Amino acid sequence: MVDFYDELTYETNPFPETHPSNLAALGRLFGIQTTSPQHCRVLELGSATGGNLIPMAWHLPHSEFVGVELSAPQVSIGQQVVSALNLTNIRLDVGDILALQAADIGQFDYIIAHGVYSWVPMVVREKILQLARQCLTPHGLAYISYNLLPGWRMRGSLRDLLLHATRDVAGAEAKYRTAIAALERLQHALQGAAADSQHYVQKEITYLLGSHPSYLLHEYLAGENNAFLFSEFLADAQRHDLQYVCETDLYTLFDTTLSTPAQTALADIDDPLEHEQWMDFVQMRAFRKSVLCRADVPLERAVDVDVFTTFFYSANLRLKGKENLNNLKPVIFLTPDNTELNVVHPLSKAALLYLQEVHPYTPNFDELYAHAAARVAQAGGKAFAQARSEFVSELFSLYSYRGVYGHLSPCLQRPTVSERPQANALARLQAEQGWESVASIRHQALSLDRFSSRLLRELDGSRTVSALVAYLCAEVSVGNVTIPSGKQAQATGKGLEAEISKNVKHLLTVFARHGLLVQV
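What counts, and at which threshold
Residues numbered from 1 in each chain as written. Predicted model: local features only at pLDDT ≥ 70, side-chain atom pairs only at ≥ 80, totals over all residues. Heavy atoms only, no water. Domains from an automatic or database assignment. Contact = heavy atoms within 4.5 Å. Buried area = accessible area lost by both parts, 1.4 Å probe. Salt bridge = Lys/Arg side-chain N within 4 Å of Asp/Glu carboxyl O. Polar contact = N/O pair within 3.5 Å; in protein donor to acceptor, adjacent residues only side chain to side chain. Helix = DSSP H or I, 4+ residues; strand = E, 2+ residues; numbered from the N terminus. Phe/Tyr/Trp six-rings, centres within 6.5 Å; stacked < 30°, edge-to-face > 60°. Buried < 20%, exposed > 50% of the residue type's maximum accessible area, 1.4 Å probe, protein only. Lys NZ or Arg CZ within 6 Å of the ring centre and 35° of its normal.

1. A word on the domain arrangement of the protein chain
Here is step 1 of the chain: Domain annotation for the protein chain reports domain 1 (16-147 + 227-294), domain 2 (150-221), domain 3 (320-407) and domain 4 (425-514).
Here is step 2 of the chain: Computed from C-alpha coordinates alone, the two centres of domain 3 and domain 4 are separated by 32 Å.
Here is step 3 of the chain: Contacts between the two partners involve seven residues from domain 3, matched on the other side by five residues from domain 4.
Here is step 4 of the chain: Between domain 3 and domain 4, a total of about 590 Å² is buried, with carbon and sulfur atoms accounting for 46% of that surface.
Here is step 5 of the chain: Area buried by domain 3 at its contact with domain 4 is led by H359, P360 and H407, which between them contribute 71% of it.
Here is step 6 of the chain: The interface formed by domain 3 and domain 4 contains zero salt bridges.
Here is step 7 of the chain: Connecting domain 3 to domain 4 are three residue pairs in polar contact (both at pLDDT 80 or more).
Here is step 8 of the chain: Those elements that place two or more of their residues in the side of domain 3 that touches domain 4 are α14 (346-358) and β13 (405-407).

Below you can see the structure in the form of structure tokens.
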């Protein structure tokens, strides 16, 4: 079977869970004195075009980054970006994981293998674990993602379908068209289906039909696609003198995510790792993002919440509905992908509102708590303003769900738009090259449409906001740009200018909140 890595460029966005800032904070919670992300070495195995690693290098100029990728065409794309940005702290190499030698590449504080482990033969998986043990510094962490049993068996049924449907088709583009047709046929056939398994498949089909072609081809039609029990992965890691630390989705460690009957049924399992394995069985998990360290590192299995309060915090959430800061009635905050998070305590609500207002700025715990307490008291919730322990508990819960992020070092950048707004060179270059998303300062992917991409390219600091609006009005008038709201056909003259001005000002606020604008 043929893979498509040279024929079709893999879409590589930033993955926030792989960022050394995130990994470093997780390690500290379990007693590991991880290296500061500001001065570290990072290795990514399977770095593709560098979409994950290059933004790290851009925002962490005093750290060093090495990416290894088998596909020469993809490495070439990434190297062109590195050269255009004049980055001297990153190297993207064409290389076979099997040929890598620890003596040649040195030691690293963080090793990343995202979307690799399940998609390579056993001999390569063994090499990944071997390199992790040999190349990790004494307090280093390795991130490895992989398909998981038993949940993957459900997704595997779609792989079976797509392999069958494309068995006589050659070439990435033709296979993709055939695969989409097969998914649409199955989607139509499952209309009105009643079984839970069929509902699951319908949901997966909807996701695949809206995903990037590279994801469908590399995930479902690649020559290798292996899934493992968590216990099997642990055994393989232990053979290489590595030990499990946690998941980047930290909430999965806690049985509070289970129903009451499930918690009762698993209550007598004392071994925390065996308990996690049983949680996989109960929840039918299909994917894990595991963090490992060397076996000789002393590890605290219980999370140290006191360490959590030494972090700096950020959150890219928005409130749905009213503030409600004087009682325990839940409110909903939405993540960028519109996932709903229920927040109960007034201090937590106020803290998230503050983080929303100042993002990407990261206050420490004392500042966050003081601001939240003052806001709650002012709103008539004085009885809740001193409930520090309840606040810490819910804030940590939000962190475990990655609604809130914790950092070892602060970000002092505020969401301000200058008179002549200027985007950073990384964001402008990504927009100029036609990327469908750009990397935020918090290492999250910010999706672009044609209008926002065009605006971002023009933010070189030479124009005022009004001049940008006038320029884009002219471009819209001659058909070079379209207004995203779809009101272009109805808008002319002053109406057109007003519509464009509204879009520009909104997007500049969004760009500022994601740290894309240079602070003057």
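2. Observations regarding the packing of aromatic side chains
Here is step 1 of the chain: Evaluation of the coordinates by the stated rule reveals 20 aromatic pairs.
Here is step 2 of the chain: Consider the rings of W152 and Y220, whose centres lie 5.9 Å apart with planes at 40°: the pair is tilted. Remark: Y220 occurs in helix α9 (residues 213-220) and W152 occurs in helix α6 (residues 152-165); sequence separation between them is 68 residues.
Here is step 3 of the chain: Accessibility expressed as a relative area gives 0% for Y220, which makes it buried.
Here is step 4 of the chain: Following the ring pairs from residue to residue traces out a cluster consisting of F254, F308, F311, Y313, F396 and Y399.
Here is step 5 of the chain: For R414, the ring lying beneath its charged end belongs to Y361, and the centroid distance is 3.8 Å.
Here is step 6 of the chain: Here the guanidinium or amino end of R463 rests over the ring plane of Y471, the centre of that ring lying 4.4 Å away.

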